[in-house]
Amino acid sequence: QEIGMADAENSSLSSLLGPSKDRKSSSKLSECDMNTKVFYELSRKRFRELCERAGSTNPDESNPGPAPRYFDLDFGGRTSTIRLPVDGSLKKAVRDSVANVIGDMLKNQLDDSRHESQLVRTHSERCAAIMLCQQAFVRTGGDAPPPRSSARADSYLPKPNCTFADITTDVSQVAIARCGMGQLYLRSNDQPQLQAFGDVICDASALADFNVRPAFERMGATAVFRREASGAWTITAVDWKHGGKIVKPGDNDWEHAKWCWRCSLVTYMTAVNHLVISHWVVANAIASSCRETMSPFHPIRRLLQAITYNTASINHNSALSLFPAGGMLNRMSPFPYEELQRIFAVAADSYKFQTWPQEYEAVKLPEDVKSKLPIYQDGLEVYAAFHDFVSGYVNTYFPDDSNVSSDKELQEYWKFTCVPQYARALPQLSKQVLIDQLTRGTFDVTGYHELVGYVVAYTTDPAGGSLQVRPGLDMADLQEFLAVNSLVAGTGTPMPMFVPSGEPGDEDWLPQLDLTAKGGYDTKHFAEVSKLYANMMSKMKQISASVKTRNAPGAGREMACVAMDPLAFERSLCL
């Protein structure tokens, strides 16, 4: 039924674009290929109202054991295979079979050519594309999501977590680097050829090492910033890898070099930090191992289930559409499949376990710079609150190291057999290491995922950022624009919030941690956990208030950054 809805003559896309029998009077988007139209339809059909997520408050009480099936992420021998658990329902099996058939049909039909009418070159065409994108994803008759949710009642696209008056200006590039997606890639300028231009770089050059298909430019660029005496930053140059030159403001290629830098940021963050690291490595490792090795009333499984609701299904869906040759990520990105597969493998192998404070210390930036970055200024406070809760929770059930080392289920959990890359990155199990792993896992599926998973502010403007760069163009073509935002729409489904709103499907998750009746624990355990939970929720609200103060106009940030606002956190990964 889902595939049938994508029929070009009957889909809602065609209805939006005009009478399909008269192609000339239809919108330019009617010329998108079938694969893009299918992906567009599926991005909307998978949307679920929050009230349909009653299972988010019901702990899984099934016995531990292997999943009925697995979807294997085979990286061609470049790194260990990652396994994604799949439930054994007939619906899942049928969907997999259909996806495989469709994939086999379409994987050899990858066409990078574009008709001139699909190219976006002028300001008026840019404005028209922005409006068309918003109209294409209109949602009517839906429930109002929780007030703090990133989901919208009127659109399948999520709310942006930052906004730009014009994302292409030099001022906006500073905001992207200091308060947006560029924060993760900032470091002191240690590149001799760039020393004359400034003391800080935002390095998105890693993708320059990967070949691209003939229609595209090689990805990769590094932006250079100079810190002024006033504290303000100025973008002074872009090291444009495809062009093989350093481009400066006023040069003929300046706008194109900035476009390449933004696209490299979006592509690397989406493919590496979001898809591979957040979903396939971290969330998959935690969700699969706790479900396979620990009994339903084990205190650690109960805690982890609260933050990994529906993770297996989300990861399976992502793999079906984004992992295969000829799949949507292969089409949206400029890479031949062998190179995309290599990017996946390098990303998985690069995973390094660190606490967020350790990661902060490892960043090579002056202290006065990195301490003011929102991901650290706000994020370290969030991490500390998580750590206090997790530490207290573990201490409640495991008073000393011997309780951890003698727990056979925890020993099995620590093997993380579905994700060897995650298992290799962890230290030997101890009580303190367990606390660190649980804290970082909680942080990764909330604040970190909020940072790397929400690129809607960049992608809903064809000049903002995309997953490919075409020679001579500084904006995404319409087919790419629709495809990328279909992917983004997958992040617009409302999920249960970490700080619950009380809406149906988003109730308080504290009762899930009550192991008194079925787990056989003394009432004092849940009484202590209840105090810890209440204290954490109070801290989350205090931190949120501080974030809002720091984001206020005139408070020193180039733009608001809500990635580390606890009241915006979901407690489960959406796509």
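Residues numbered from 1 in each chain as written. Predicted model: local features only at pLDDT ≥ 70, side-chain atom pairs only at ≥ 80, totals over all residues. Heavy atoms only, no water.

### Remarks on the overall build of the protein chain
A tally of regular secondary structure across the protein chain gives 21 helices and 7 strands. The C-alpha radius of gyration of the protein chain comes to 23 Å, within 12% of the 25 Å expected for a compact globule of 575 residues. Each principal axis of the C-alpha atoms in the protein chain carries an extent, and together these give about 70 × 60 × 45 Å. Burial statistics for the protein chain: of 575 residues in total, 59% are counted as buried. Considering only contacts within the protein chain whose residues lie at least 6 apart along the sequence, 72% involve residues at least 24 apart. Surface accessibility of the protein chain: about 21,800 Å² in total, with carbon and sulfur atoms responsible for 53%. Where the 59 positive side-chain charges of the protein chain centre and where its 67 negative ones centre are 1 Å apart. (Helix = DSSP H or I, 4+ residues; strand = E, 2+ residues; numbered from the N terminus. Rg over C-alpha atoms; globule rule 2.2 N^0.38 Å. Buried < 20%, exposed > 50% of the residue type's maximum accessible area, 1.4 Å probe, protein only. Contact = heavy atoms within 4.5 Å. Areas by Shrake-Rupley, 256 points an atom, 1.4 Å probe, with all protein chains shown as cover. Lys, Arg positive; Asp, Glu negative; His and termini not counted. Charge placed at Lys NZ, Arg CZ, Asp CG, Glu CD.)

### Remarks on helix H8 (residues 311–322)
Relative to the 16 Å expected for 12 residues at 1.5 Å per residue, H8 spans 16 Å between its end C-alpha atoms, a close match to the ideal helical length. With 10 of 12 residues buried, H8 lies mostly within the body of the structure. Along H8, the positions that sit buried rather than exposed are Thr311, Ile314, Asn315, His316, Asn317, Ser318, Ala319, Leu320, Ser321 and Leu322. (Expected span 1.5 Å × (residues − 1).)

### Some words on the confidence of the model for the protein chain
Taken over all residues, the pLDDT of the protein chain has a mean of 90, while the share at 70 or more is 91%. Here residues 1–26 is a poorly scored stretch, pLDDT under 50, and it has 41 contacts once near neighbours within four places are set aside; other chains count. (pLDDT = per-residue confidence, 0-100.)

### So, the sheet that holds strand E6 (residues 233–240)
Strand order across the open sheet formed by 5 strands is E3-E4-E5-E6-E7, with antiparallel pairing between neighbours. In the strand order of this sheet, the two ends are held by strand E3 (186–188) and strand E7 (245–247), each with one partner. In this sheet, adjacent strand axes meet at a mean angle of 30° when their direction is disregarded. As defined by bridge partners, strand E4 (residues 200–204) adjoins strand E5 (residues 221–227) across 5 bridges and the pair is classed as antiparallel. Bridge pairing in E5 links Ile201 to Val224. Against the sheet, helix H6 (residues 254–293) touches E4, E5, E6 and E7, its axis set at about 85° to E6. (Pairing = 2+ DSSP bridges. Axes fitted to C-alpha atoms, helices over the stretch in contact; angles between N-to-C directions.)

### Structural notes on the state of the cysteines
Taken as a whole and judged by the stated rule, the model has 0 disulfides. A disulfide-free cysteine, Cys32 has its sulfur positioned 11 Å from the sulfur of Cys133, the nearest such atom. Cys32 gets classed as buried once you look at its relative accessible area, which sits at 4%. Take Cys202: it sits in no disulfide, and the sulfur closest to it among the cysteines is that of Cys179, at 12 Å. (Disulfide = S-S within 2.5 Å.)

### Topic: the side chain of Thr267
Tracing the backbone shows Thr267 in helix H6. Overall, the relative accessible area of 5% leaves Thr267 in the buried class. When neighbours within four sequence positions are excluded, Thr267 is seen to be in contact with Leu207, Met219, Val272, Phe335, Ser466, Leu467 and Gln468.

### A few points about the layout of surface pockets
Reported here for the second largest pocket is a volume of approximately 1,000 Å³. Contributing to the lining of the second largest pocket are 31 residues, with Leu184, Tyr185, Asn273, Gln354 and Glu359 lying nearest its centre. Sorting the residues of the lining of the second largest pocket by element identifies E3, E4, H6, helix H11 (356–362) and helix H18 (431–453) as the ones contributing at least two each. For the lining of the second largest pocket, the leading source of residues is H6, giving 6 residues. Partitioning the lining of the second largest pocket into residue classes produces 17 nonpolar, 6 polar and 8 charged. (1 Å grid on protein atoms, 1.4 Å probe; cavity = no way out; pocket = protein on both sides within 12 Å on 5 of 7 lines; lining within 4 Å. Points joined across faces, edges and corners; volume = space filled by probe spheres on them. Nonpolar A, V, L, I, M, F, W, Y, C, P; charged D, E, K, R; others polar.)

### As for the packing of aromatic side chains
As enumerated under the stated definition, the model contains 26 aromatic pairs in all. Ring centres of Phe75 and Phe323 lie 5.9 Å apart, and the angle between their planes is 85°; this geometry places the pair in the edge-to-face category. In this pair, Phe75 sits in the loop between strand E1 (69–73) and strand E2 (82–86) while Phe323 sits in the loop between H8 and helix H9 (328–332), placing the two residues 248 residues apart along the sequence. For the pair Phe75 and Phe323, a shared accessibility class is recorded, and that class is buried. Geometrically, the ring pair formed by Tyr393 and Tyr397 is tilted, given 5.3 Å between the ring centres and 55° between the ring planes. Residue Tyr393 and its partner Tyr397 are located together in helix H14 (residues 379–397), separated by 4 residues, close to a single helical turn. (Phe/Tyr/Trp six-rings, centres within 6.5 Å; stacked < 30°, edge-to-face > 60°.)

### Brief notes about empty space enclosed by the protein
Within this structure, the stated rule accounts for 6 cavities of 30 Å³ or more. Within this model, the largest cavity holds a volume of roughly 160 Å³. Put simply, the parts of the chain that give the lining of the largest cavity at least two residues each are H6, H18 and helix H20 (478–489). A total of 4 residues in the lining of the largest cavity trace back to one element, the largest contributor, which is H6. Residues that form the lining of the largest cavity fall into these classes: 11 nonpolar, 4 polar and no charged.

### Observations concerning the packing of helix H5 (residues 170–179) against H6
Running from amino to carboxyl end, H5 crosses H6 at an angle of 20°, the nearest separation of the two axes being 12 Å. By the angle between their directions, the pair H5 and H6 is classed as roughly parallel. As H5 packs across H6, the resulting crossing turns out to be left-handed. Facing H5, whose interface residues are Asp170, Gln173, Ile176 and Ala177, H6 presents Trp254, Lys258, Trp261, Arg262 and Leu265. Residue classes in the contact of H5 with H6 are distributed as 5 nonpolar, 1 polar and 3 charged. (Parallel < 35°, antiparallel > 145°, perpendicular 65-115°, else oblique. Left-handed = near helix turned anticlockwise from the far one by under 90°.)

### Here's the deal with the environment of Phe481
Along the polypeptide, Phe481 turns up in helix H20. Excluding residues that lie within four positions of it along the chain, Phe481 makes contacts with Ala129, Ile130, Cys133, Thr459, Thr460, Asp461, Pro462 and Ala476.

### Some remarks on the pattern of salt bridges
If you walk through the whole model with that rule in mind, you get 34 salt bridges. Of the charged contacts in the structure, one is a salt bridge between Arg114 and Asp477, with a shortest N-O distance of 2.8 Å. Here the residue Arg114 occupies a position in the loop between helix H3 (90–106) and helix H4 (123–136), and Asp477 occupies one in the loop between helix H19 (456–459) and H20, the gap between them amounting to 363 residues. Each of the two residues, Arg114 as well as Asp477, counts as buried. (Salt bridge = Lys/Arg side-chain N within 4 Å of Asp/Glu carboxyl O.)

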